[in-house]
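# Structural features, examined
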Amino acid sequence: MKIRHIALLTVLVMGIGACKSMRELKNLTKCQFRIGTVTGINLAGVNIQTVRRFSDLGVRDAAKVGSALAGGSLPLGMTINLEVKNPNKSLAAMNRLEWIAMIDEREILTGFVSERVEVQPNGGIANLPISVNVNLRKVLGSMGKSELLDYGMGLTDQSNRPSRVAIKLKPTIMVGKHALEYPGWLTVKREFTSQ
């Protein structure tokens, strides 16, 4: 008799968990996403957060970036600070987030975040920093040197808001052992947007 009650309780708890996950996924489809800021922008280890063109670099920094390019690489690093806003009356969540980072609508890198992110209800905003590190020389090899040098510059405005950076997202939530993906890819820029 006790085993039957334990089994029934286990099925009930699993069912409640699945309902909770489905509600969190439904709420997630109504969430809004935006890139709050893009920070830590560096090219070949040189801080270019406020640099608009390669010619704006000082002699030492220009030499460092030019040396990297001459050596066959042009590493670009930055942090895309993603904001997720929940307009629902209950929690929204995701267990995994696939992303594609873009500059001027050109895909430069893909990746994923595999930690659970919860977004509090009633306008709550969760911040999710996404680190992007890519060799522009490898991704954009067909570009000429001067065009390539200027490509990584001027990615934000004076407030570190993205001017040329966007990101595509596909969140996933776990329902038991099953992964349910967000319906389609969502392109996110500097203003809140939803599917």
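Here is what the cut-offs are and how they apply
Residues numbered from 1 in each chain as written. Predicted model: local features only at pLDDT ≥ 70, side-chain atom pairs only at ≥ 80, totals over all residues. Heavy atoms only, no water. Helix = DSSP H or I, 4+ residues; strand = E, 2+ residues; numbered from the N terminus. Buried < 20%, exposed > 50% of the residue type's maximum accessible area, 1.4 Å probe, protein only. Contact = heavy atoms within 4.5 Å. pLDDT = per-residue confidence, 0-100. Polar contact = N/O pair within 3.5 Å; in protein donor to acceptor, adjacent residues only side chain to side chain. Pairing = 2+ DSSP bridges. Core = buried A, V, L, I, M, F, W, Y, C linked by side-chain atoms within 4.5 Å. Phe/Tyr/Trp six-rings, centres within 6.5 Å; stacked < 30°, edge-to-face > 60°. Lys NZ or Arg CZ within 6 Å of the ring centre and 35° of its normal. Salt bridge = Lys/Arg side-chain N within 4 Å of Asp/Glu carboxyl O.

For the chain, the helix and strand inventory stands at four helices and 11 strands. Expressed as a percentage of its 195 residues, the buried residues of the chain come to 40%. Considering only residue pairs separated by 6 or more positions, the chain has 71% of its internal contacts joining residues 24 or more positions apart.

Bringing the confidence of the model for the chain into the picture now. In the predicted model, the chain carries a mean pLDDT of 86, and the fraction of residues at 70 or more is 89%. Confidence over residues 1-17 falls short of pLDDT 50; this stretch has zero contacts with residues more than four positions distant or in other chains.

Here we come to the side chain of Asn88. Checked against the element boundaries, Asn88 lands in the loop between β3 (75-86) and β4 (92-94). Engagement of the side chain of Asn88 in a polar contact is seen with the backbone oxygen of Asn27, the distance being 2.8 Å. In contact with Asn88, not counting residues within four places along its chain, are Asn27, Lys30, Cys31, Pro121 and Asn122.

In this structure, strand β1 (residues 32-43) lies alongside β3, joined through nine bridges in antiparallel fashion. Residue pairing across strands places Thr39 opposite Thr79, the latter belonging to β3. Taken together, the 12 bridges between β3 and strand β8 (residues 124-135) define a ladder with antiparallel strand orientation. Note that in β8 the partner of Asn81 across the bridge is Pro129.

A separate point is the pairing of strand β5 (residues 96-103). Of all eight residues making up β5, six are buried, and the element is well covered by its neighbours. Two strands pair when backbone bridges link them, and β5 and strand β9 (residues 165-175) are joined in this way by eight bridges, in the antiparallel orientation. Within β9, the residue paired with Ile103 across the bridge is Val165. Summarising the sheet, β5 and strand β6 (residues 106-113) pair through seven bridges and their orientation is antiparallel. From the neighbouring strand, Ile103 faces β6, where its bridge partner is Arg106. The turn linking β5 back onto β6 is made up of two residues, and Asp104 within it adopts a positive phi angle of 50°.

The next subject is the nonpolar core. One finds Phe33, Leu76 and Met78 to be the most contacted residues of the largest nonpolar core, which totals 51 residues. The residues contacting Phe33, other than those within four sequence positions of it, are Leu28, Glu83, Val84, Met94, Leu169, Pro171, Tyr182, Leu186, Val188, Glu191, Phe192 and Thr193.

Attention now goes to the packing of aromatic side chains. Scanning all chains against the criterion turns up zero aromatic pairs. Its end group placed over the ring of Phe112, Arg96 keeps NZ or CZ at 4.1 Å from the ring centre. Above the ring of Tyr151, the side-chain terminus of Arg164 is found at 5.4 Å from the ring centroid.

Time to look at the sheet that holds strand β2 (residues 46-47). Strand order in this open sheet of four strands is β2-β1-β3-β8, and the pairing throughout is antiparallel. The open sheet terminates on both sides in strands that have one partner only, identified here as β2 and β8.

One pass over the structure, following the stated rule, counts nine salt bridges. Across the pair Arg34 and Glu83 runs a salt bridge whose closest N-O atoms are separated by 2.7 Å. Of this pair, Arg34 sits in strand β1 while Glu83 sits in strand β3, and the two are 49 residues apart along the sequence. Salt-bridge contacts for Glu181 lead to Lys170; the nearest nitrogen and oxygen are separated by 3.6 Å. Remark: Lys170 occurs in strand β9 and Glu181 occurs in strand β10 (residues 178-181); sequence separation between them is 11 residues. On the basis of relative accessibility, which here comes to 15%, the residue Lys170 falls in the buried class.

Here we take up unusual backbone geometry. A positive phi is found at Ala44, a non-glycine position, where the angle reads about 55°. Examined against the element boundaries, Ala44 turns out to sit in the loop between β1 and β2. Phi is positive for Asp104, close to 50°, though the residue is something other than glycine.

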